[in-house]
Amino acid sequence: MVLSSLPSLETASPAHICPFDQACSYLEAAAKELHLNQGVIEILSHPRKAITVSIPVKLDNGEVQVLVGHRVQHSDILGPYKGGTRYHPSVTLREVSALAMLMTWKCALLGIPYGGGKGGIAIDPTHYSVGELERITRRYTSELIKDIGPEVDIPAPDVGTSAREMAWMMDTYSMNVGHAVPGVVTGKPLSIGGSRGREMATGRGVMIIVREALATQGKSVKGAQVVIQGFGNVGGAAALLLQEAGAKILAVSDAHGGIFSPAGLDIPALKAYYAQNRRSLAGFPGSLPVTNAQLLALPCDVLIPAALENQITEENCDRVQAEMVVEAANGPVTLAADLALEARGVTILPDILANAGGVVVSYLEWVQGLSYLFWDEERVNREMEQLMVNAYQKVVQQSKQRQITLRLAAYTIGVGRVAQALTDRGLYP
Ligand SMILES: NC(=O)c1ccc[n+]([C@@H]2O[C@H](COP(=O)([O-])OP(=O)(O)OC[C@H]3O[C@@H](n4cnc5c(N)ncnc54)[C@H](OP(=O)(O)O)[C@@H]3O)[C@@H](O)[C@H]2O)c1
Ligand SMILES: N[C@@H](CCC(=O)O)C(=O)O
């Protein structure tokens, strides 16, 4: 499928910035830096396969709805396609295609033997009952049954999904093939072969990257003032672990807005409050309300967008006061904002590095499953930390050697490894 032929109406992300076009721009920049052959660039600019499925679901009230789901398989040059499954109203084929491409570079950068994929369903999961979500997930998995598998394409959680959806996917796939296949997904519950440490893994990886990046600048995470957009799996875990590491979390937000405390938020207390307060941050004792727009403009040392794409744009980047932006989300800074922030000397830790902790522990989960030997959490965290620190150091070294930004350095490593494998395999002689 040629993505450029898709209708432009699909570019429904904030400010109508097409995430796939942006992903291709970064690929082109890396390819230029590496002097890659045009044929290689052409191959890597297109997903290998893009699957769109209809998902008919009978709602609890008897009504039938037909939802739209996608799975995009960008590249399997280095191993099975790998990447999350997103349930969010903004999901489009172009968005999923961009996210699948990012997964290819992320896995290559981290040196794990996977390609890149991503899936999603255009729904707001909060509008459906648990029973409806289970039926939707099972039907989506059935529609993809021939295209996923532990050696083919391995889904994992992303926005709006968690271990619960992975268990339903694993069960549906296993029932179809006639025996248990835990390796078809990662991020599953421990009871069916999940890994210790996976739930906190992306946030832990973010904490490690913040700590390393501050250390590179001769600063400490202890006392660093941090602002986080998004209080879900990634933002919530990053907040907790950064606070444990000594940082002061000044503000956090969800889709409804945020809260701010100049003295720093007590994250364990906030997590308990959030769960009891029907997932609302509003009114947390000692905090002041902030909008998401205000939150991005708060003075701080480190700003961590951990929600969706295109949050820091050409329009609002002038208001960003942070000295460092750490992309816990995929694609939270637009291309124009990226250039403007870099020009102002803001350090940007790119998504394919900063949020790789999740897929690294997905890989460790897959390895444990394949060897039928499960590790304690301390070992999982140690192995993940080693891969994250190693990748961070390589990115810094590449950035210094080539005099390029950290993002371009990360891309040149990821894209370069895939291009090399592509050439060595003879797919582009
Ligand atoms: N899960 C992983 O393992 C993983 C790994 C690597 C990267 N990522 C990336 O990290 C990001 C977050 O993923 P997640 O797994 O944490 O998802 P999640 O658990 O569903 O949480 C998403 C968070 O973002 C908030 N949010 C949504 N729209 C927002 C907006 N417009 N402004 C501010 N906050 C908003 C949500 O608020 P509500 O709850 O109010 O909707 C929620 O707090 C995504 O870009 C994802 O691709 C995830
Ligand atoms: N959705 C996550 C995790 C992917 C995975 O574990 O396969 C990401 O964007 O990296």
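Calculation rules
Residues numbered from 1 in each chain as written. Chains lettered and ligands numbered in written order. Predicted model: local features only at pLDDT ≥ 70, side-chain atom pairs only at ≥ 80, totals over all residues. Heavy atoms only, no water. Pairing = 2+ DSSP bridges. Helix = DSSP H or I, 4+ residues; strand = E, 2+ residues; numbered from the N terminus. Axes fitted to C-alpha atoms, helices over the stretch in contact; angles between N-to-C directions. Near = heavy atom within 4 Å. Polar contact = N/O pair within 3.5 Å; in protein donor to acceptor, adjacent residues only side chain to side chain. Areas by Shrake-Rupley, 256 points an atom, 1.4 Å probe, with all protein chains shown as cover. Nonpolar A, V, L, I, M, F, W, Y, C, P; charged D, E, K, R; others polar. Expected span 1.5 Å × (residues − 1). Buried < 20%, exposed > 50% of the residue type's maximum accessible area, 1.4 Å probe, protein only. Contact = heavy atoms within 4.5 Å. Core = buried A, V, L, I, M, F, W, Y, C linked by side-chain atoms within 4.5 Å. Parallel < 35°, antiparallel > 145°, perpendicular 65-115°, else oblique. Left-handed = near helix turned anticlockwise from the far one by under 90°. Salt bridge = Lys/Arg side-chain N within 4 Å of Asp/Glu carboxyl O. Phe/Tyr/Trp six-rings, centres within 6.5 Å; stacked < 30°, edge-to-face > 60°. Lys NZ or Arg CZ within 6 Å of the ring centre and 35° of its normal.

Focus: the sheet that holds strand β5 (residues 153–157)
Pairing in this open sheet of 5 strands is mixed, and the strands run β1-β2-β4-β3-β5 from one edge to the other. The outermost strands of the open sheet, each flanked by one partner alone, are β1 (49–58) and β5. Put simply, the sheet's adjacent strands are angled 20 degrees from each other on average, direction ignored. Here strand β3 (residues 81–87) runs beside strand β4 (residues 116–121); their pairing, made up of 3 bridges, is parallel. Bridging from a neighbouring strand, Y87 pairs with I121 of β4.

Structural notes on the site of ligand 1
Inspection of the region around ligand 1 gives 24 residues, with D158, F231, N233, V234 and N330 positioned closest. N330 places a side-chain nitrogen or oxygen 2.8 Å from an oxygen atom of ligand 1. Protein burial of ligand 1: of its 900 Å² of free accessible surface, 84% is covered by the chains. Those elements that provide at least two residues to the shell around ligand 1 are α6 (198–216) and α7 (233–244). Among the residues forming the shell around ligand 1, the class breakdown is 9 nonpolar, 10 polar and 5 charged.

A short note on α6
Taking 1.5 Å per residue, 19 residues should reach 27 Å; α6 reaches 27 Å between its end C-alpha atoms and fits that length. With respect to burial, α6 is a largely interior element, 14 of its 19 residues being buried. Residue G218 follows α6 closely and has a positive phi angle near 75 degrees.

Notes on the sheet that holds strand β8 (residues 257–260)
Two strands in a sheet stick together by hydrogen bonds in their backbones, pointing the same way (parallel) or opposite ways (antiparallel). Strand order in this open sheet of 7 strands is β9-β8-β7-β6-β10-β11-β12, and the pairing throughout is mixed. In this open sheet, the two strands that pair with only one neighbour each are β9 (288–290) and β12 (347–349). The average undirected angle you get between the axes of adjacent strands in this sheet is 20 degrees. Against the sheet, α7 contacts β6 (225–229), β7 (248–254) and β10 (302–305), and its axis sits at roughly 170 degrees relative to β6.

Observations concerning the nonpolar core
Within the largest apolar cluster, 92 residues are counted, with the highest numbers of intra-cluster contacts made by L242, L270, I304, V326 and L349. Among the elements that line this core, the one with the most residues is helix α14 (residues 406–424), at 11 residues. In terms of nonpolar packing, the next biggest core, distinct from the first, is built from 24 residues, L67, I123, W168 and Y173 among them.

Some words on the site of ligand 2
In the vicinity of ligand 2 lie 14 residues, with K82, K106, K118, D158 and S362 positioned nearest. Measuring from a nitrogen atom of ligand 2, one finds a side-chain N or O atom of D158 at 2.8 Å. Taking S362, its side chain carries an N or O atom lying 2.6 Å from an oxygen atom of ligand 2. Protein chains shield 95% of the accessible area of ligand 2, which is 300 Å² for the free molecule. At the level of elements, β3, α3 (93–110), β5 and α12 (357–371) are the ones that each hand at least two residues to the shell around ligand 2. Of the residues assigned to the shell around ligand 2, the class counts are 4 nonpolar, 5 polar and 5 charged.

Side note on the packing of α12 against helix α13 (residues 377–402)
Two elements in contact, α12 and α13, have axes separated by 10 Å at closest approach and are oriented at 130 degrees. As summarised for this structure, α12 and α13 are arranged oblique, according to the angle between their axes. Considering the relative orientation of α12 and α13, their crossing is right-handed. For the pair formed by α12 and α13, the contact residues are G357, V360, V361, L364 and Q368 on the first element and V380, E383, M384, L387 and M388 on the second.

Looking at the pattern of salt bridges
Here the structure, examined in full by the defined rule, presents 23 salt bridges. Taking the shortest distance from any N to any O, the salt bridge between D147 and K49 comes out at 2.7 Å. With D147 in the loop between α4 (130–143) and β5 and K49 in strand β1, the pair connects residues that are 98 residues apart, well separated along the chain. The class of K49 is partly exposed, set by a relative accessible area of 39%. In this structure, R135 engages D60 in a salt bridge whose closest nitrogen and oxygen atoms are separated by 2.8 Å.

What to know about the packing of aromatic side chains
In this description, a pair of aromatic rings is defined by centroid distance and the angle of the planes. Inspection of every chain in the model, using the stated rule, returns 6 aromatic pairs. Here the aromatic rings of Y273 and F284 are separated by 5.3 Å at their centres, their planes lie at 65 degrees, and the arrangement is edge-to-face. Taken together, the residues span a long stretch of sequence, with Y273 in helix α8 (residues 267–276) and F284 in the loop between α8 and β9 at a distance of 11 residues. Look at F284 and you get buried, because its relative accessible area is 9%. An aromatic cluster is defined as three or more aromatic residues linked by ring pairs; in this entry it consists of Y114, Y363 and W366. When the ring centre of Y114 is taken as reference, the NZ or CZ atom of K82 above it lies at 5.9 Å.

Without other data, these values stay purely geometric and don't point to any function.
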